[in-house]
Amino acid sequence: MLDADFFCRWMTVAANAMERQAEFLTELDSAIGDADHGTNMRRGFAAVTAALDKEAPQTPGAVLALAGKQLISTVGGASGPLYGTLLRRTGKELGDAPAVSAEELTQAFTAGVEAVARLGGAAAGDKTMLDALLPAAEALGMSFDAAEYAARSGALATVPLQARKGRASYLGERSIGHPDPGAMSALFLVAALAAVAAAEGEGA
Ligand code: ADP
Ligand code: MG
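Residues numbered from 1 in each chain as written. Chains lettered and ligands numbered in written order. Predicted model: local features only at pLDDT ≥ 70, side-chain atom pairs only at ≥ 80, totals over all residues. Heavy atoms only, no water.

Attention now goes to the packing of aromatic side chains. What the rule picks out here adds up to 4 aromatic pairs. Considering the side-chain rings of F6 and F7, the 5.5 Å spacing of their centres and the 70 degrees angle between planes classify their relative orientation as edge-to-face. In this structure, F6 and F7 share a single accessibility class: buried. For the ring pair F7 and W10, a centre distance of 6.1 Å and an interplane angle of 55 degrees mean the geometry is tilted. Remark: W10 and F7 occur in helix α1 (residues 4-32); sequence separation between them is 3 residues, near one turn of the helix. Given a relative accessible area of 1%, W10 falls into the buried group. An aromatic cluster is defined as three or more aromatic residues linked by ring pairs; in this entry it consists of F6, F7, W10 and F144. (Phe/Tyr/Trp six-rings, centres within 6.5 Å; stacked < 30°, edge-to-face > 60°. Buried < 20%, exposed > 50% of the residue type's maximum accessible area, 1.4 Å probe, protein only. Helix = DSSP H or I, 4+ residues; strand = E, 2+ residues; numbered from the N terminus.)

Taken together, the protein donors to the magnesium ion (ligand 2) comprise D29 (OD), D34 (OD) and D36 (OD), at separations of 2.0 to 2.2 Å. Here the donor residues for the magnesium ion (ligand 2) map to a single chain with the spacing D-x4-D-x1-D. Among the residues examined, D29 registers a relative accessible area of 9% and is labelled buried. (Donors = N, O, S within 2.8 Å, 3.2 Å for Na, K, Ca; no water.)

This part covers the layout of surface pockets. Its volume calculated, the largest pocket comes out at about 530 Å³. As for the largest pocket, its lining consists of 26 residues, and the residues nearest its centre are A78, S79, L82, G166 and R167. Sorting the residues of the lining of the largest pocket by element identifies α1, α2 (37-55), α4 (79-94), α5 (102-120) and α8 (181-200) as the ones contributing at least two each. By residue class, the composition of the lining of the largest pocket is 10 nonpolar, 9 polar and 7 charged. (1 Å grid on protein atoms, 1.4 Å probe; cavity = no way out; pocket = protein on both sides within 12 Å on 5 of 7 lines; lining within 4 Å. Points joined across faces, edges and corners; volume = space filled by probe spheres on them. Nonpolar A, V, L, I, M, F, W, Y, C, P; charged D, E, K, R; others polar.)

As structure tokens, this is what we get:
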């Protein structure tokens, strides 16, 4: 079972990854956006870990609700409300149980990803974070490692796509040939989940 501590560690490992990869994410965003995605993710996730340290929420749902709230309030770019919605909606689905199963997380995460699609009006193939999140949610039912693999494949598969949503869509055909920054940060978020699950010996 996955408890509040597991979810806090997920957020901490994700924050470390965003910090380490901030320059890379910003470089990707400089090719097809406005060169702020790494800064946005670093700032947002630093606020998440600071809030978790301070408030020490006691359930998985409360951890993700607080994390999502921080992303929405500290990230100015499109990615803040989108990732914030992902975590808040996932947290809401988990309710106030002290611990949840991998199956419950899969269902909740799927609802979270659907909420991102509704908020941003994007679908698979639009060259957004959803191209990593949708396959990850589907593969999470199999295993955490499968979710990471699916997110990585999905993120890399954005390279030949033309962006149809967000800032990169203003570039039209010139958005082709670059990975989507948000799909790459979504991979880092899912990879952080898989890393924490592997460290815990959570196979599912
Ligand atoms: P901004 O585009 O406002 O500068 P960021 O650079 O932080 O914000 O985030 C850009 C990323 O957000 C994109 O690479 C894409 O993955 C994601 N994104 C943008 N618009 C949408 C949308 N409508 N739906 C889903 N994801 C989106
Ligand atoms: Mg940007």
